[in-house]
Amino acid sequence: MPCGEDWLSHPLGIVQGFFAQNGVNPDWEKKVIEYFKGKLKENNAPKWVPSLNEVPLHYLKPNSFVKFRCMIQDMFDPEFYMGVYETVNQNTKARVLHFGKYRDIAECGPQQEVDLNSPRTTTLERQTFYCVPVPGESVWVKEAYMNTSQARVTPSTSYTPSRHKRSYEDDDDMDLQPHKQKDQHAGARRAGNIGGLQWCSEPKRLETEASIGRQPNSLSFSPPFDLNFPLPGEKGPACLVKVYEDWDCFKVNDVLELYGILSVDPVLSILNNEEKDACSLLDPMECADTAEEHRVHSPPASLVPRIHVVLAQKLQHLNPLLPACLNKEESKTFVSSFMSELSPVRAELLGFLTHALLGDGLAAEYLILHLISTVYTRRDILPLGKFTVNLSGCPRNSTFTEHLYRIIQHLVPASFRLQMTVENMNRLKLVPHKDYTANRLVSGLLQLPSSTSLVVDETLLEQGQLDAPGVHNVTALSNLITWQKVDYDFSYHQMEFPCNINVLITSEGRSLLPADCQIHLQPQLIPPNMEEYMNSLLSAVLPSLLNKFRIYLTLLRFLDYSISDEITKAVEDDFVEMRKNDPQSITADDLHQLLIVARFLSLSAGQTTLSRERWLRAKQLESLRRTRLQQQKYVNGNEL
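Residues numbered from 1 in each chain as written. Predicted model: local features only at pLDDT ≥ 70, side-chain atom pairs only at ≥ 80, totals over all residues. Heavy atoms only, no water.

A. Up close: the overall build of the chain. Helices and strands together make up the secondary structure of the chain, namely 20 helices and 24 strands. Looking at the 640 residues of the chain, the share that counts as buried comes to 54%. Counted over contacts in the chain with a minimum sequence separation of 6, partners at least 24 positions apart contribute 78%. A total of about 29,200 Å² of accessible surface is found on the chain, and carbon and sulfur atoms cover 51% of it. (Helix = DSSP H or I, 4+ residues; strand = E, 2+ residues; numbered from the N terminus. Buried < 20%, exposed > 50% of the residue type's maximum accessible area, 1.4 Å probe, protein only. Contact = heavy atoms within 4.5 Å. Areas by Shrake-Rupley, 256 points an atom, 1.4 Å probe, with all protein chains shown as cover.)

Right under this line is the structure:
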């Protein structure tokens, strides 16, 4: 373990040391960041940092150093805080300078009072992000992070023993001070909110008494607080993330790994309640808006903890089996080593997916190309590299699509299965929208991080009438597939949010949604028990091989690709020749499709340039796919 645990358990003490050495000189802030960067570079140091993704909140010590893997769901307005402030001892009149960075509660000891008129007080700005755990993150990803963690945590003494058996996803109680206790201390404390820092003259005593006095039957918080997760069934903590540097580098839906100082002081809840009570003096209509915004932006710290960010990095990918940054020099050894064994891994993966697709090797080839596809650039509004596949011919009223999705879940870091029924299309909220009363972005199912695999299951679709929300949802799905963007609803206008989502559509006939490629499934076997068949398929794969599949599918997305002038000329000549033989057989769109297939076919073999051999193989695959579609042109009266 890194020598000395003070930086993990008492990071504010480290910060205090730098502040005391440098005073108001801003260099102390840079030295703090460099210190923690240095600590995290020590051998395995990041593994010793407790993660909010794995450790329940009540096991984490307040003001300790933690990390959090998350997606930015919303960005709140910037807030002002006291970067430097001065306290005065009421008895001795001694003055002490304090730092406000990385804090919600101003440090103010016995007999001390904040001097609001001190000329040494400095007001600074910080940005607040509302962050949620990565939507749709696969179980194997969570397990991989948990298995590498070496953090040592014990239940925090700031919480009652009854909470020790409960994880944060089960918590529906709030960190609020009982009214009786609140009245008892009304005269014993002086509290307020100054320049973004809340302060209290006796924070330690209040923290202790708030934890002792909390009883479930004395708590009330109505209506229940919505953590605003984009996907249903998600678990884990949402966090208010306070960012001090370079916040312009981040945007909504970015996935971050944060290192910072955890703030869960119960005093926050007491002071927030007082602000809420104060709003009752306002105009009733203004009060309603203010109260709702306050409820969303200042939730109980026990439910939505605060993290004061010391270091933040945007994650290049979501796969814990790969180095975090593939561009760094130290990652090149890993990449070159894996690329040397790429061919057998591809062969094994093709066989595995062929079994998953009931013996259909051609569909398995296209599924591999789909899973490694990614938007590599945008030309004007056209996203290049997207490869949405419509797998038609899926058995209707079967569990096949459900189990195929389970297979995909075992391969990709993040995914979601959208069951496309008339009821779901009419009822679900796919597009995020702005709630101006609460001043927040309300999440929708399509608020997903980059590289998420979205499986749209049309096999459950029955006849029915789409209402206005249903039509809006289908349009949003179509726009996502065609343009790789989601138009968030801001009431008075739409705002485009570009995305990079791999969409696989499973259907019986041709999909109602647009697709770049349709491949008709031709099962070679129909298992009598689909669940048993898929379970045996998964159990037969060695965990080490499954991990290689996962690395393969992530790594190939980041390979550079080019076409030499010689091959470009050969492709052009080939296209002209095909048009000569049969002008109706191939169009410019067909050529674009061929080039996309050739691109991902080359990358799937670890080749970063297009060869003549891969071009011919791409033409062969496309010919087989088209022939199959012609053979299945009419099924049940529906044109495919």
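There is more to say after this.
B. Spotlight on helix H5 (residues 139-148). When we look at burial in H5, the residues that qualify are Trp-140, Val-141, Ala-144 and Tyr-145. Each buried residue of H5 sits inside an arc of 135 degrees when the element is viewed along its axis, so together they form one side. H5 presents Val-139 and Asn-147 as exposed residues on the side facing more than 90 degrees away from its buried surface. Buried residues in H5 make contact with strand S1 (65-75), helix H13 (400-409) and helix H17 (543-555). (Arc of directions from axis to C-beta.)

C. Spotlight on the pattern of salt bridges. By the definition in use, this model includes 33 salt bridges. A salt bridge links Arg-126 to Glu-79, with the nearest nitrogen and oxygen atoms 2.6 Å apart. Of the two residues, Arg-126 sits in strand S6 (residues 122-133) while Glu-79 sits in strand S2 (residues 79-89), which places them 47 residues apart along the sequence. Residue Arg-126 is classed as buried on the basis of its relative accessible area of 0%. Under the relative-accessibility criterion, Glu-79 is labelled partly exposed at 21%. (Salt bridge = Lys/Arg side-chain N within 4 Å of Asp/Glu carboxyl O.)

D. Geometry of the sheet that holds strand S15 (residues 415-419). Read across the sheet, five strands follow the order S15-S18-S21-S14-S22 without closing on themselves; strand pairing throughout is parallel. Only two strands of the sheet have a single neighbouring strand rather than two, namely S15 and strand S22 (517-520). In this sheet, adjacent strand axes meet at a mean angle of 20 degrees when their direction is disregarded. Summarising the sheet, strand S14 (residues 389-392) and S22 pair through four bridges and their orientation is parallel. In the strand pairing of S22, Leu-391 is matched with Ile-519. Contacts from helix H12 (residues 361-372) reach S14, strand S18 (453-457), strand S21 (502-506) and S22, with the element oriented near 150 degrees to S21. (Pairing = 2+ DSSP bridges. Axes fitted to C-alpha atoms, helices over the stretch in contact; angles between N-to-C directions.)

E. Structural context of the packing of aromatic side chains. In this structure the tally under the stated criterion is 16 aromatic pairs. With a centroid separation of 4.8 Å and 15 degrees between ring planes, the pair formed by Phe-36 and Phe-65 is classed as stacked. With Phe-36 in helix H3 (residues 27-41) and Phe-65 in strand S1, the pair connects residues that are 29 residues apart, well separated along the chain. The pair formed by Phe-36 and Phe-65 is uniform in burial state, with each residue classed as buried. One aromatic cluster is present, built from ring pairs that chain together Trp-7, Phe-18, Tyr-35, Phe-36, Phe-65 and Tyr-259. (Phe/Tyr/Trp six-rings, centres within 6.5 Å; stacked < 30°, edge-to-face > 60°.)

F. Quick look at the packing of H12 against helix H19 (residues 588-604). Between H12 and H19, the shortest axis-to-axis distance is 9 Å and the interhelical angle comes to 90 degrees. Classified by the angle their axes make, H12 and H19 are roughly perpendicular. Residues Glu-365, Tyr-366, Ile-368, Leu-369 and Ile-372 of H12 touch H19, and the partners they reach there are Val-597, Phe-600, Leu-601, Leu-603 and Ser-604. (Parallel < 35°, antiparallel > 145°, perpendicular 65-115°, else oblique.)

G. Structural view of unusual backbone geometry. A positive phi angle is found at Asn-44, which is not glycine, with a value near 60 degrees. Tracing the chain through its elements places Asn-44 in the loop between H3 and helix H4 (45-48). Judged by relative accessible area, Asn-44 falls into the partly exposed class, the value being 33%. Backbone geometry places Asn-63, a non-glycine residue, at a positive phi of 65 degrees. Structurally, Asn-63 can be placed in the loop between H4 and S1. When its relative accessible area of 32% is taken as the criterion, Asn-63 is described as partly exposed.

H. Spotlight on the environment of Ser-450. Its location among the elements puts Ser-450 in the loop between strand S17 (440-442) and S18. Taking the C-alpha atoms as reference, Ser-450 lies 6.1 Å from Cys-499; in sequence the two are 49 residues apart. Those residues within four positions of Ser-450 in sequence are excluded, and the remaining contacts are Leu-318 and Asn-500.

I. Quick look at helix H11 (residues 342-356). In a regular helix each residue adds 1.5 Å, so 15 residues correspond to 21 Å; H11 covers 21 Å between its end C-alpha atoms and thus fits that length. For H11, every residue scored as buried is listed here: Leu-342, Val-345, Arg-346, Leu-349, Leu-350, Phe-352, Leu-353, Thr-354 and Ala-356. Along its buried surface, H11 packs onto helix H10 (332-339), H12, H13, helix H16 (530-540), H17 and H19. Leu-358 lies just past H11 and shows a positive phi near 60 degrees. (Expected span 1.5 Å × (residues − 1).)

J. The arrangement of the environment of Leu-315 in detail. Examined against the element boundaries, Leu-315 turns out to sit in the loop between strand S11 (306-314) and H10. For Leu-315 and Leu-256, which are 59 residues apart along the polypeptide, the C-alpha to C-alpha distance reads 5.4 Å.

K. Expanded view of the pairing of strand S9 (residues 239-243). Burial within S9 is extensive, with five of its five residues counted as buried. Neither face of S9 is left uncovered, since the one carrying Cys-239, Val-241 and Val-243 and the one carrying Leu-240 and Lys-242 both have all their residues buried. Note that S6 and S9 share five bridges and pair antiparallel. Its bridge partner being in S9, Gln-127 is matched across the sheet by Val-243. Alignment of S9 against S11, held across three bridges, turns out to be parallel.

L. Molecular detail of the packing of H11 against H16. Running from N to C, H11 and H16 cross one another at 165 degrees; their axes reach a closest spacing of 10 Å. When the axis of H11 is compared with that of H16, the two are roughly antiparallel. As H11 runs across H16, the sense of the crossing is left-handed. Counting all contacts with H11, which are made through Phe-352, His-355 and Ala-356, the residues of H16 involved are Tyr-533, Met-534, Leu-537 and Leu-538. (Left-handed = near helix turned anticlockwise from the far one by under 90°.)

M. Focus on the nonpolar core. Core analysis: the largest hydrophobic core is formed by 70 residues, its most contacted members being Phe-352, Leu-353, Leu-411 and Tyr-552. One finds Leu-231, Leu-430, Leu-446 and Leu-448 within the second-largest nonpolar core, a separate group that totals 29 residues. (Core = buried A, V, L, I, M, F, W, Y, C linked by side-chain atoms within 4.5 Å.)

N. Focus on the side chain of Ser-392. Looking at the secondary structure, you find Ser-392 in strand S14. With a relative accessible area of 0%, Ser-392 lands in the buried category. At a separation of 3.0 Å, a polar atom in the side chain of Ser-392 contacts the side chain of His-520. For Ser-392, the contacting residues outside a window of four places in its chain are Ser-507, Glu-508, Gly-509, Gln-518, Ile-519, His-520 and Leu-521. (Polar contact = N/O pair within 3.5 Å; in protein donor to acceptor, adjacent residues only side chain to side chain.)

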